[in-house]
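Per-entry structural report
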Amino acid sequence: MIKQAAVYTGKAKTVYATDDPELFVMEYRDDATAFNGVKKAALDRKGKVNNYFNAHVMQVLEHQGIKTHFVKLLSDNESLVKKLDMIKVECVIRNVVAGGISKRLGIEEGMVLPEPTFEFFLKDDALGDPIINESHIHVFKWATDAEVTELKRKTFLVNDILKAWFATAGLTLVDFKLEFGRHHGELLLGDEFTLDGCRVWDAVTQEKFDKDRFRRDLGNVIEFYEAAAKRLGINIPE
Ligand SMILES: Nc1ncnc2c1ncn2[C@@H]1O[C@H](COP(=O)(O)OP(=O)(O)OP(=O)(O)O)[C@@H](O)[C@H]1O
Ligand SMILES: [Mg+2]
């Protein structure tokens, strides 16, 4: 496998083509961004921590029957993934009120929901990733109705698996965002599952282990990412 030119440089990762038209190299950079790229910083070790964290989570999910784009780790900062035709919508599940929904609906952060909520957002940086509904997805043909059903089913399954696993480590999975893509007629989980794209709190103290440490200037961002990984049994080499 030979790494070729970058095909996409996002806010935290760079995607490279390879000599295999079916495979991409995903490089996790040390860049951290928040508020749609308005706040930016480079955080030492972030790329490496996220790369190993994501690899472990993707493998746990595969083991539980969720198909993902993850193929293998290539280096501290790179993973090999299957090239997907990405669906333009983000799938968000919330178990506890925090962040956007708190502002949008005026509900206090920390309220434990009686059951998880599901939301779709349009992946569009220029528009600030607006919340959308199934009718929009249907009318604008961002995904088929069958895909919408599958996106929700898979995201709820991921929630069940990760919520239970995190709980064993004394961590509450507050919320998370997933992206899926098409691959030979199947929907695969793509992109990443890292502490950049979810909220994880200590189950007792509610201390934050996720990107809110960066958004809200709480400090020690990567130290907390590594502490969460350690609790979950995710090994990140020195
Ligand atoms: N397997 C895959 N095949 C193709 N594209 C992928 C795959 N997995 C993730 N992507 C896309 O690669 C990009 C990863 O880069 P990054 O997450 O840094 O982008 P970003 O700044 O979030 O930008 P965007 O707003 O486009 O997501 C995303 O656009 C994501 O949708
Ligand atoms: Mg992204």
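Here the structure is a predicted model, which means the values were calculated and not measured.

**Some words on the overall build of the protein**
In terms of regular secondary structure, the protein is built from six helices and 13 strands. C-alpha atoms of the protein, sized along the principal axes, occupy 50 × 50 × 35 Å. Looking at the protein as a whole, 51% of its 238 residues qualify as buried. A sequence separation of at least 24 residues applies to 56% of the contacts in the protein between residues at least 6 apart.

**Describing the site of ligand 1**
Surveying the vicinity of ligand 1 reveals 18 residues, the closest of which are Tyr8, Lys11, Lys13, Lys123 and Glu179. Lysine 82 is positioned such that a nitrogen or oxygen atom in its backbone is 2.8 Å from a nitrogen atom of ligand 1. Take leucine 84: an N or O atom from its main chain is 3.0 Å from a nitrogen atom of ligand 1. Broken down by secondary-structure element, the contributors of at least two residues to the shell around ligand 1 are strand S2 (13–18), strand S3 (23–28) and strand S7 (78–82).

**Describing the nonpolar core**
Counting residues in each nonpolar core, the largest one holds 53 residues, and the members touching the most others are Phe53, Phe120, Leu162, Phe166 and Phe193. Two domains each put at least three residues into this core: domain 1 (3–82) and domain 2 (86–221). Phe24, Met26, Tyr28 and Val81 belong to the second largest nonpolar core, which has five residues in total.

**Some points on the domain arrangement of the protein**
When its domains are assigned, the protein resolves into domain 1 (3–82) and domain 2 (86–221). Contact with domain 1, which involves 30 residues of that partner, is made by 27 residues of domain 2. When domain 1 packs against domain 2, the two sides together hide about 2,500 Å² of surface, and 63% of this comes from carbon and sulfur. Put simply, domain 1 and domain 2 have six salt bridges between them. A salt bridge links aspartate 191 to lysine 13, with the nearest nitrogen and oxygen atoms 2.9 Å apart.

**Some points on a nonpolar patch on the surface**
On the surface, Leu105, Ile107 and Met111 cluster together into a nonpolar patch covering about 260 Å² of accessible area. Assignment of secondary structure puts isoleucine 107 in the loop between helix H2 (100–105) and strand S9 (112–122). The partly exposed category is assigned to isoleucine 107, whose relative accessible area is 32%.

**Quick notes on the state of the cysteines**
Enumeration over the complete set of coordinates arrives at zero disulfides. We note that cysteine 91 lacks a disulfide partner, and the nearest cysteine sulfur, in cysteine 198, lies 15 Å from it. On the basis of relative accessibility, which here comes to 0%, the residue cysteine 91 falls in the buried class.

**Details of the sheet that holds strand S1 (residues 3–9)**
Sheet architecture is open: five strands sit in the order S1-S2-S3-S7-S6, paired in antiparallel fashion. Either end of the sheet is taken by a strand with one partner, and the two such strands are S1 and strand S6 (70–73). Neighbouring strand axes in the sheet, compared pairwise and without regard to direction, differ in orientation by 30 degrees on average. For S2 and S3, the ladder comprises five bridges, and the chain directions are antiparallel. Its bridge partner lying in S3, valine 15 is registered against methionine 26.

Calculation rules
Residues numbered from 1 in each chain as written. Chains lettered and ligands numbered in written order. Predicted model: local features only at pLDDT ≥ 70, side-chain atom pairs only at ≥ 80, totals over all residues. Heavy atoms only, no water. Helix = DSSP H or I, 4+ residues; strand = E, 2+ residues; numbered from the N terminus. Buried < 20%, exposed > 50% of the residue type's maximum accessible area, 1.4 Å probe, protein only. Contact = heavy atoms within 4.5 Å. Near = heavy atom within 4 Å. Polar contact = N/O pair within 3.5 Å; in protein donor to acceptor, adjacent residues only side chain to side chain. Core = buried A, V, L, I, M, F, W, Y, C linked by side-chain atoms within 4.5 Å. Domains from an automatic or database assignment. Buried area = accessible area lost by both parts, 1.4 Å probe. Salt bridge = Lys/Arg side-chain N within 4 Å of Asp/Glu carboxyl O. Patch = residues over 30% accessible without salt bridge, like charges linked within 9 Å, V, L, I, M, F, W, Y side chains within 5 Å. Areas by Shrake-Rupley, 256 points an atom, 1.4 Å probe, with all protein chains shown as cover. Disulfide = S-S within 2.5 Å. Pairing = 2+ DSSP bridges. Axes fitted to C-alpha atoms, helices over the stretch in contact; angles between N-to-C directions.

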